[in-house]
Amino acid sequence: MSEATTNLATAPAKAPVSSAKKVGKITAAKWRDIVLGTFIPCVGLVIFLLFWQVGSQSIKTSLGTFPGPKQVYEQAGNMIVEYKEEKAREAAFYERQEKRNQEALKADPNAEIKKREYNGRPTFFEKIKTSLITVLSGFFLATLIAIPVGIVIGLSQSLYQAFNPIIQIFKPVSPLAWLPLITLVVSSVYVSDAPMFSKSFIISLLTVSLCSMWPTMINTAVGVAGVSKDLVNVSRVLRLDWFTHVRKIVLPSSIPMMFTGLRLSLGIAWMVLIAAEMLAQNPGLGKFVWDEFQNGSSDSLSRICVAVLTIGFIGFALDRTLLLIQSYVNWDKSAVVR
């Protein structure tokens, strides 16, 4: 009786120990993944910065020695200071204008009040905003064209064969080739005394759209054509109409391929935009790079490097944003997206 009691008393004591070990192992594995996921990218970044610092000292240009990470970091700080100073001048301008108007109304209640917009020099951050507005507008326009066309030609083999040569011909055309044609067309068609948008914005937008729509169109068509035959047969059995078939069967099944095309299109749109802004003189990051190159000051190289790094980080952020959207709208939540 006493042996049985002893066994019963000691048996449960082993369970918590094994459970604690299991929990400890899981925690250690998670910590290892976190450390490796943080440490390895940091090592790669440090190696890149060292390579950049050493290599830059041996490169001599007409504008001086190629800037290293320290010079670029200092110039980025200067751009932030310039932005704050410009905002302070803008606030002071509107404050003086408001003060003058109040004094005029005080002297004469019927006085005509004039309000002018501040026409200061666009700062680096305002040019980032301009570029983002332009690229997203061009990307959305390209998406509105590419996805419906991709669905239609993906559902019909005959239409795909008819459109595929046109797609393959225009897909590799450089934005530098499109830009003169688009400039001439916009200059002759977009004529207005009070235009809603500037011509440079329209030219950049259309150039981005024309160059970036093809990956989305092709991938959407391939995704639609690859819908499971079983799902197509179910749609036929249920006698779904064309729009319901597309909405319930085609779109959910083709989302992975569609978003692959969208991510490729957005990356192309962001690359094309910089070239388009340089030539169309749209006041964005492309024009900033071109102006600094033409300026030729001792700080120009560092400022161009800041713009290059900014373009890269924004491109990465845009791609990650589309990846998050894909994870949200994907019907298969267990699918790995990267």
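1. Quick word on the nonpolar core
Of all hydrophobic cores here, the largest spans 45 residues; its most connected members are Phe124, Leu262, Trp270 and Leu285. The set of elements that each furnish at least two residues to this core consists of helix H2 (69–107), helix H3 (124–155), helix H5 (175–189), helix H6 (199–225), helix H8 (242–280), helix H9 (285–295) and helix H10 (300–329). Residue contributions to this core peak at 14 residues, all from H8. For Leu285, the contacting residues outside a window of four places in its chain are Phe124, Lys127, Ile128, Ser131, Trp270, Ile274, Glu277, Ile311 and Ile314. In this structure, Ala142, Ile167, Met217 and Ile218 belong to the second largest nonpolar core, which totals nine residues.

2. Description of the packing of aromatic side chains
Geometrically, a pair of aromatic rings is defined through the distance of the ring centres and the angle of the planes. According to the stated counting rule, one finds 12 aromatic pairs in the structure shown. Here the aromatic rings of Phe48 and Trp52 are separated by 5.8 Å at their centres, their planes lie at 40°, and the arrangement is tilted. Of this pair, Phe48 and Trp52 both sit in helix H1 (residues 2–56), four residues apart, which is roughly one turn of that helix. A relative accessible area of 44% means that Phe48 is categorised as partly exposed. On the accessibility criterion, Trp52 (13% relative accessible area) is buried. When the ring of Phe124 is compared with that of Phe125, the centres are 5.9 Å apart and the planes differ by 75°; the resulting orientation is edge-to-face. Judged by its relative accessible area of 8%, Phe124 falls in the buried class. Three or more aromatic residues link up through ring pairs in this structure, and these residues are Tyr83, Phe124, Phe125 and Phe288.

3. Here's the deal with the confidence of the model for the chain
Overall, the predicted model of the chain reaches an average pLDDT of 84, with 90% of residues at or above 70. When the elements of the chain are averaged for pLDDT, H1 gives the smallest value, 65, and H3 the largest, 93. Of the regions scoring below 50 in pLDDT, residues 1–25 engages in zero contacts with residues more than four places distant in sequence or in other chains.

4. Quick word on H5
When the terminal C-alpha atoms of H5 are compared, their 20 Å separation across 15 residues agrees well with the 21 Å that a helix rising 1.5 Å per residue should span. Restricting attention to buried positions, one finds in H5 the residues Pro175, Trp178, Leu179, Ile182 and Val186. Among the structural elements, helix H4 (157–170), H6 and H8 are those in contact with the buried residues of H5. Put simply, Ser174 is the residue that caps the front of H5, since its side-chain oxygen is 3.1 Å from the backbone nitrogen of Leu176.

Rules of the game
- The numbers attached to residues start from 1 for each chain and follow its sequence in the written order.
- With pLDDT at 70 or above as the cut-off, local features in this predicted model cover only qualifying residues; side-chain atom pairs require 80 or more to be listed or tallied, and sums for whole chains, interfaces and linings still use all residues.
- Only hydrogens and water are set aside; all other atoms, that is, all heavy atoms of the structure, feed into the side-chain values.
- We define the nonpolar core as a collection of buried residues of types Ala, Val, Leu, Ile, Met, Phe, Trp, Tyr and Cys that are connected through side-chain atoms lying within 4.5 Å of one another.
- Type-normalised accessible area, obtained with a 1.4 Å probe on protein chains alone, sets the label of each residue: buried when under 20%, exposed when over 50%, and partly exposed for intermediate values.
- Only DSSP runs of H or I with at least four residues qualify as helices, and only runs of E with at least two residues qualify as strands; both kinds are numbered from the N terminus onward.
- By definition, residues are in contact when any of their heavy atoms lie within 4.5 Å.
- Centres within 6.5 Å make a pair out of two Phe, Tyr or Trp rings, where for Trp the six-membered ring is used; the pair is then stacked when the planes are under 30 degrees apart, edge-to-face when over 60, and tilted otherwise.
- Every residue gets a pLDDT, meaning the predictor's confidence in that residue, from 0 to 100.
- What a helix is expected to span follows from its residue count: subtract one and scale by 1.5 Å.
- Under the rule applied, a polar contact is a pair of N or O atoms within 3.5 Å (in protein, one hydrogen donor and one hydrogen acceptor; residues adjacent in sequence only if both atoms are side-chain atoms).

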